[in-house]
Amino acid sequence: MKKLFALAAIAAAAVGAHAQDFPAGKTVTLVVPFAAGGPTDRVARDLAEAMQKTLGTTIVVDNTAGAGSSIGTAKVARANPDGYTLLLNHIGMSTMPALYRKLPFNVETDFEYLGMVNEVPMTLIGKPGLPANNYKELTTWISANKGKINLGNAGLGAASHLCGLLFQSALKVEMTPVPYKGTAPAIADLLGGQIDLLCDQTTNTTSQIEAKKVKAYAVTTSKRLTTPALKDLPTLDESGLKGFEVTIWHGVYAPKGTPAPVLKKLNDAIKAAMKDPGFIQREEALGAVITTDKRTEPAEHKKFVSSEIAKWGPIIKAAGVYAD
Ligand code: ASP
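Residues numbered from 1 in each chain as written. Predicted model: local features only at pLDDT ≥ 70, side-chain atom pairs only at ≥ 80, totals over all residues. Heavy atoms only, no water.

Visitor: Mind laying out the pairing of strand E6 (residues 176-179), listing which residues take part and the relevant values?
Guide: Direction of pairing for strand E5 (residues 150-153) relative to E6: parallel, over a ladder of 4 bridges. Its bridge partner lying in E6, Leu151 is registered against Pro177. (Pairing = 2+ DSSP bridges. Helix = DSSP H or I, 4+ residues; strand = E, 2+ residues; numbered from the N terminus.)

Visitor: Quick one: what's the story with the pattern of salt bridges, residue by residue and with numbers?
Guide: This structure, assessed with the given rule, holds 14 salt bridges. Residue Asp196 pairs with Lys127 through a salt bridge whose shortest N-O separation is 2.8 Å. Of this pair, Asp196 sits in the loop between helix H7 (183-191) and strand E7 (197-201) while Lys127 is found in the loop between strand E4 (111-126) and helix H5 (135-144), placing the two residues 69 residues apart along the sequence. Owing to a relative accessible area of 7%, Asp196 belongs among the buried residues under this scheme. Note that Arg295 and Asp293 form a salt bridge whose closest N and O atoms lie 2.8 Å from each other. On the basis of relative accessibility, which here comes to 35%, the residue Asp293 falls in the partly exposed class. Several salt bridges converge on common partners, so that one network encompasses Arg42, Asp46, Glu49 and Arg282. (Salt bridge = Lys/Arg side-chain N within 4 Å of Asp/Glu carboxyl O. Buried < 20%, exposed > 50% of the residue type's maximum accessible area, 1.4 Å probe, protein only.)

Visitor: I'd like a description of the packing of helix H2 (residues 39-55) against helix H10 (residues 277-284), backed by residues and values.
Guide: Two elements in contact, H2 and H10, have axes separated by 9 Å at closest approach and are oriented at 165 degrees. Classed by the angle they form, the pair H2 and H10 counts as roughly antiparallel. Of the two elements, H2 crosses H10, and the hand of that crossing is right-handed. Residues Arg42, Val43, Asp46, Leu47, Glu49 and Ala50 of H2 form the contact with H10, whose own contacting residues are Phe279, Arg282 and Glu283. Residue classes in the contact of H2 with H10 are distributed as 4 nonpolar, no polar and 5 charged. (Axes fitted to C-alpha atoms, helices over the stretch in contact; angles between N-to-C directions. Parallel < 35°, antiparallel > 145°, perpendicular 65-115°, else oblique. Left-handed = near helix turned anticlockwise from the far one by under 90°. Contact = heavy atoms within 4.5 Å. Nonpolar A, V, L, I, M, F, W, Y, C, P; charged D, E, K, R; others polar.)

Visitor: Break down the site of the ligand for me, with residues and values.
Guide: Surrounding the ligand, one finds Phe34, Pro39, Thr40, His90, Ala154, Ala158, Ala159, Ser160, Gly182, Thr183, Asp200 and Gln201. Interatomic distance of 2.5 Å between a side-chain N/O atom of Thr40 and an oxygen atom of the ligand. Separating a nitrogen atom of the ligand from a side-chain N or O atom of Asp200 is a distance of 2.9 Å. Protein contacts shield 100% of the accessible area of the ligand, which totals 270 Å² for the unbound molecule. Class assignment of the residues belonging to the shell around the ligand gives a composition of 5 nonpolar, 6 polar and 1 charged. (Near = heavy atom within 4 Å. Polar contact = N/O pair within 3.5 Å; in protein donor to acceptor, adjacent residues only side chain to side chain. Areas by Shrake-Rupley, 256 points an atom, 1.4 Å probe, with all protein chains shown as cover.)

Given below as structure tokens:
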């Protein structure tokens, strides 16, 4: 028995020693559970660039997309808990438990929470030729086209899905959901006219709105935005959908059991990124708000995600949408 304890102590000391060396020049993989080129991917690439300055090692982004972020999230839940595989996900961390009857992970117990990164408003946009030039005209067009409207989303549990659900239930209309592996391919189809409407983060839509390539109808925040290209867009709340508010957040997670010294280094790198002028500038230009409050701390971020699970669960259940 004594021998067993001694062996366990040696093994723990070895893990501890490796943990102290982290990242030891080895590449860190940041899994993005959505398609490349979309808003979650964009945050991840900006963040990776800033974090690698502090960590002194390369961070590569791995787009493991599909099923509203559950495939990439499952990949990280199963990964080695050594700090070299991380997840960047969004509000989907809090909506998946209510949307999926079976998930191969538990968002609250299978991950180490590393901290929150930003909050991003969403915009309601339409395909280029849509004959509605403002939100009021859009509601008229929607009433006249009931049963014929295609609404894109990035899978069950995605931000675009959640926003679309709330929008349809507020208007009491049903649209045909068209799922993608992320909103980068969804926007491409919107530009091509294959889908009619999409609700997506400003980090993906601002440049399209600025270039007038899509029709922009409203923002999902409770107040209008100050970003130059978006400041004239009304909120859905002021447009008649009282109380409508969806803001997307992003956080970083590691597999459960990642050693504490590794978690501390990763959290320090996240907090340093929140002060990185390049990161701040790139994110803010697209309407994102960098997290500077206590939610950059693992425990506070976890508390926040639990409150989001409690907030969205009943709303999703009331909408009666499930995936197996
Ligand atoms: N914006 C997407 C969503 O609807 C995710 C993405 O493609 O980044 O959640």
